[in-house]
Amino acid sequence: MSDSGNPGYARRLGVLDATMVVVGGIIGSGIFLNPAVVAQRSESPGMVMLAWSVGGVFALAGAFIYAELGARRPQAGGGYVYLRESYGPLIAFLFGWIMLLVNYSGSIAAVSMTFATYFCQVAGLNPAAIKPVAIGAILLLAGINFFGIRAGALVQNLATALKLLAVVAVVVAGLVFSGVAAEPPPAVAATGAGSFGSALLPVLFAYSGWFYVNNIAGEIRDPQRSIPRALVLGMLTCTACYLLANYAYLHVLGQAGLAASTAPAAELMQRAFGSTGAVLIAAGIAISTFGFCNIAILGGSRMFQVMGADGVFFRAAAHLHPTYRSPDIALAALALWSALLVLSGNYGQLLDYSTIGDWIGSAMVAATLFHYRRRENAQDVFRAPLHPLLPLGFIAAVAFVVISSALAQPRQTLIGLAIIASGVPAYYLWRRAYAPR
């Protein structure tokens, strides 16, 4: 086994910092924009709230699993490390391959464009500035993280605090200032007799992102205690935010109005505070997405640094800055590839294609818990409750997501599987190029 899991990283983050990473990795623009999709696929307001509640339970199960994995292996690299130790380097590489090529970089590109769109709206800039602003944000965040984990964490703490404030503003505006609006005419409503499963699908996507904290586990103080606390506290915070925000949307817009809305948070704030409210929520979404990009850059670069140290990525990516202990080369590579995706405009398609690999990877990472439980009888670390029912239930839920996605988008699924398969020759080429002499 490689000893590259924590090669010279400095443990400088506490529980609060780690919790902010969990919250910031989950709450992006989705809670402000996407609840309409869930309402469209639900048969009643109760079903809307049930979908978000069940999604919260699912996400909490995933957080418990990752909490134990992080406590057992408090190293940089997260899921890549767990897969390498459980299933070997090829499976771990394929996970890292899809993350490198598509998931982290594509997410950074897509969310930076969302940030730039709302930033330009608030700043009154021409829409032609959106792509330059998006690329500028990526390069700025990479530059900040160059100066070490504390610099990245300070940005993250501020961005997460402000995004939580934006969620609170939506909830308070919905419950206190706006009152209950009359239901729109039935003809306007986009609701239908969609199944609970189809309503749950976008909810599960909205809750994903808790795993970023495991990627930086090598830089968290007292990780055996701090990582479980951060994951559980962060997930409970996000679940409360999602439930309260959706209750506020339903309270003001009604289910039909929520289903018909293209931007429910903006519509709610507009009703509460007029044009000022719309500007405020646009600023909130810009801050929220900026914070998410920071987390993806911060967490993704650590995984690629560990892969470089293992000889399955460019060897230069293993470098750590001698003063700041940051993965400077990996940061630069991730930022540049993400910026190129912004210029290409193909990141949306890439993300569609990567969905299947993302969720298969999540299930396989969860399954590594069985490996560690079987091989190590560690009683002094955090242990996820209800084992083996908890990981089995999580894997079953992931299987539901994968099958649902494959049935809904067979072409994207096949392309996604082809992207994963393309990692096999890449793995052997890298191993041959960087094999020990």
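Overview of the structure. (Residues numbered from 1 in each chain as written. Predicted model: local features only at pLDDT ≥ 70, side-chain atom pairs only at ≥ 80, totals over all residues. Heavy atoms only, no water.)

**A closer look at the pattern of salt bridges**
(1) Moving on: One pass over the structure, following the stated rule, counts 10 salt bridges.
(2) Moving on: Where R72 meets E68, a salt bridge forms, and the shortest distance between an N and an O atom there is 2.8 Å. With R72 and E68 both in helix α4 (residues 45-72), this residue pair falls 4 residues apart, about one helical turn. As far as the burial class goes, R72 and E68 line up, both buried.
(3) Moving on: R271 serves as the salt-bridge partner of E267, at 3.2 Å between the closest nitrogen and oxygen. In this pair, E267 and R271 both sit in helix α12 (residues 264-273), 4 residues apart, roughly one turn of the helix.
(4) Moving on: Owing to a relative accessible area of 28%, E267 belongs among the partly exposed residues under this scheme. (Salt bridge = Lys/Arg side-chain N within 4 Å of Asp/Glu carboxyl O. Helix = DSSP H or I, 4+ residues; strand = E, 2+ residues; numbered from the N terminus. Buried < 20%, exposed > 50% of the residue type's maximum accessible area, 1.4 Å probe, protein only.)

**A few points about helix α13 (residues 275-309)**
(1) Moving on: For α13, which comprises 35 residues, the first-to-last C-alpha distance of 52 Å matches the rise-based estimate of 51 Å (1.5 Å per residue) to within 8%.
(2) Moving on: Burial within α13 is extensive, with 28 of its 35 residues counted as buried.
(3) Moving on: Backbone geometry just after α13 places G311 at a positive phi near 80°. (Expected span 1.5 Å × (residues − 1).)

**Topic: the state of the cysteines**
(1) Moving on: For the structure on display, the rule yields 0 disulfides.
(2) Moving on: Residue C238 stays outside any disulfide, its sulfur separated by 6.3 Å from that of C241, the closest cysteine.
(3) Moving on: Owing to a relative accessible area of 0%, C238 belongs among the buried residues under this scheme. (Disulfide = S-S within 2.5 Å.)

**Concerning the packing of helix α6 (residues 89-123) against helix α7 (residues 130-146)**
(1) Moving on: At a minimum axis separation of 8 Å, α6 and α7 run at an interaxial angle of 120°. Relative to α7, the element α6 lies oblique. With respect to the hand of their crossing, α6 and α7 are arranged in right-handed fashion. Across the interface between the two elements, I108, S112, M113, F115, A116, T117, F119 and C120 from α6 touch I130, K131, V133, A134, A137 and I138 from α7.
(2) Moving on: Of the residues assigned to the contact of α6 with α7, the class counts are 11 nonpolar, 2 polar and 1 charged. (Axes fitted to C-alpha atoms, helices over the stretch in contact; angles between N-to-C directions. Parallel < 35°, antiparallel > 145°, perpendicular 65-115°, else oblique. Left-handed = near helix turned anticlockwise from the far one by under 90°. Contact = heavy atoms within 4.5 Å. Nonpolar A, V, L, I, M, F, W, Y, C, P; charged D, E, K, R; others polar.)

**A word on the nonpolar core**
Note on soluble globular proteins: their nonpolar side chains tend to be buried together.
(1) Moving on: Counting residues in hydrophobic clusters, the biggest one holds 146 residues, and the most contacted among them are F32, Y80, F93, W210, L231 and F304.
(2) Moving on: In this structure F32 touches K163, A166, V167, V170, Y249, A263, P264, A265, I281, I285 and S288, once residues within four positions along its chain are discounted. (Core = buried A, V, L, I, M, F, W, Y, C linked by side-chain atoms within 4.5 Å.)

**Examining the environment of D358**
(1) Moving on: Along the chain, D358 turns up in helix α15 (residues 347-375).
(2) Moving on: When near neighbours in sequence (up to four residues on either side) are disregarded, D358 contacts M99 and N103.

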